[in-house]
Amino acid sequence: MIKTGIGYDVHQMAEGEKLILGGVEIPSEVGAVGHSDGDALLHAIVDALLGASGLGDIGQLFPSEDDQWKDADSLHFLNVVGKKVRSAGFEINHIDAIIILQKPKLAGFIPEMKYKIAYTLQLVEGQVSVKATTTDHLGYIGEGKGIAAQAIATIEG
């Protein structure tokens, strides 16, 4: 059976925070505020995988109230969830994700993001799609106050 899941994450942006997306630190004047490393892309992918496999959500596995996840590397979350999905009898077929951020431009960083996601999930890079877009200066994201990411995971099992 082929199953799909959708994931969404949003974070406030602030000075003094790092901007980490897909496990890649992006040079930026502002970064994502979060309990872990604030990697909205990986958080959306984790939720998409958990949704497709019926294994809950990121907040159940890695609650922000738990200090062990303070400043945690979200690639760890992705690794744990990838293993849980496989242990539940599923194979990951494809990940499609989009980052919604006004600036900085991300095109030059996307190949490394794809590599890290594919490597962590034991996929080939062709099974991972990462895109970026802006909101043309509309809303809190367009004003540089936030970041969002959406992902769809396709699994089979």
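Description of the structure in this document.

Rules used in this analysis
Residues numbered from 1 in each chain as written. Predicted model: local features only at pLDDT ≥ 70, side-chain atom pairs only at ≥ 80, totals over all residues. Heavy atoms only, no water. Helix = DSSP H or I, 4+ residues; strand = E, 2+ residues; numbered from the N terminus. Rg over C-alpha atoms; globule rule 2.2 N^0.38 Å. Buried < 20%, exposed > 50% of the residue type's maximum accessible area, 1.4 Å probe, protein only. Contact = heavy atoms within 4.5 Å. Salt bridge = Lys/Arg side-chain N within 4 Å of Asp/Glu carboxyl O. Patch = residues over 30% accessible without salt bridge, like charges linked within 9 Å, V, L, I, M, F, W, Y side chains within 5 Å. Areas by Shrake-Rupley, 256 points an atom, 1.4 Å probe, with all protein chains shown as cover. Pairing = 2+ DSSP bridges. Axes fitted to C-alpha atoms, helices over the stretch in contact; angles between N-to-C directions. Parallel < 35°, antiparallel > 145°, perpendicular 65-115°, else oblique. Left-handed = near helix turned anticlockwise from the far one by under 90°. Right-handed = clockwise from strand over helix to strand, strands pointing away.

**Thoughts on the overall build of the protein**
Now for step 1: The helix and strand tally for the protein stands at five helices and seven strands.
Now for step 2: Listed N to C, the secondary structure of the protein is β-β-β-β-α-α-α-β-α-β-α-β in terms of helices and strands.
Now for step 3: Expected size for 157 residues packed as a compact globule is a radius of gyration near 15 Å; at 15 Å, the protein falls within 12% of this value.
Now for step 4: Taking the principal axes of its C-alpha atoms as reference, the protein extends roughly 40 × 35 × 25 Å.
Now for step 5: Taken across its 157 residues, the protein has 45% of its residues classed as buried.
Now for step 6: Intrachain contacts of the protein at a sequence separation of at least 6 include 72% that bridge at least 24 residues.

**Quick word on the pattern of salt bridges**
Side chains bearing opposite charge may pair, as long as their charged atoms lie close to each other.
Now for step 1: According to the stated counting rule, one finds four salt bridges in the structure shown.
Now for step 2: Between Glu-91 and Arg-86 there is a salt bridge, with the nearest N and O atoms lying 3.4 Å from each other.
Now for step 3: Note that Lys-131 is salt-bridged to Asp-96, the shortest N-O span being 2.3 Å. Within this pair, whereas Lys-131 is found in strand 6 (residues 128-133), its partner Asp-96 is found in strand 5 (residues 91-100), the two being separated by 35 residues in sequence.
Now for step 4: With a relative accessible area of 27%, Asp-96 lands in the partly exposed category.

**Points about a nonpolar patch on the surface**
Now for step 1: Taken together, the side chains of Tyr-8, Val-10 and Tyr-140 define a hydrophobic patch exposed on the protein surface, amounting to about 280 Å² of accessible area.
Now for step 2: Its relative accessible area of 40% is what places Tyr-140 among the partly exposed residues.

**Let's talk about the pairing of strand 6**
Now for step 1: Strand direction decides the pairing type here: strand 5 and strand 6, joined by six bridges, are parallel. In the sheet register, Ile-98 faces strand 6, and the bridge partner there is Lys-131.

**Digging into the sheet that holds strand 4 (residues 30-32)**
Now for step 1: Reading across the sheet, the five strands line up as 4-1-7-5-6 and stay open at both edges, with mixed pairing between neighbours. One side of each edge strand has no neighbouring strand; the edge strands of this open sheet are strand 4 and strand 6. Strand-to-strand, the axes of this sheet are offset by a mean angle of 20°, without reference to chain direction.
Now for step 2: With three bridges connecting them, strand 1 (residues 2-15) and strand 4 associate as antiparallel partners. Within strand 4, the residue paired with Ala-14 across the bridge is Gly-31.
Now for step 3: Against the sheet, helix 4 (residues 110-121) engages strand 5 and strand 6, with an angle of about 145° to strand 6.

**Quick notes on the packing of helix 1 (residues 40-53) against helix 3 (residues 74-87)**
Now for step 1: Running from amino to carboxyl end, helix 1 crosses helix 3 at an angle of 15°, the nearest separation of the two axes being 9 Å. Between helix 1 and helix 3, the angle is such that the two are roughly parallel. Note on packing geometry: the crossing formed by helix 1 with helix 3 is left-handed. Of the residues in helix 3, those touching helix 1 at Leu-42, His-43, Ile-45, Val-46, Leu-49, Leu-50 and Ser-53 are Ser-74, Leu-75, Phe-77, Leu-78, Val-81 and Val-85.

**What to know about the pairing of strand 5**
Now for step 1: Judged from the nine bridges that link them, strand 5 and strand 7 (residues 146-156) form a sheet pairing that is antiparallel. Among the inter-strand pairings, Ile-99 is bridged to a residue of strand 7, identified as Ala-149.
Now for step 2: Tracing the backbone out of strand 5, into helix 4 and back to the parallel element strand 6 gives a crossover that is right-handed.

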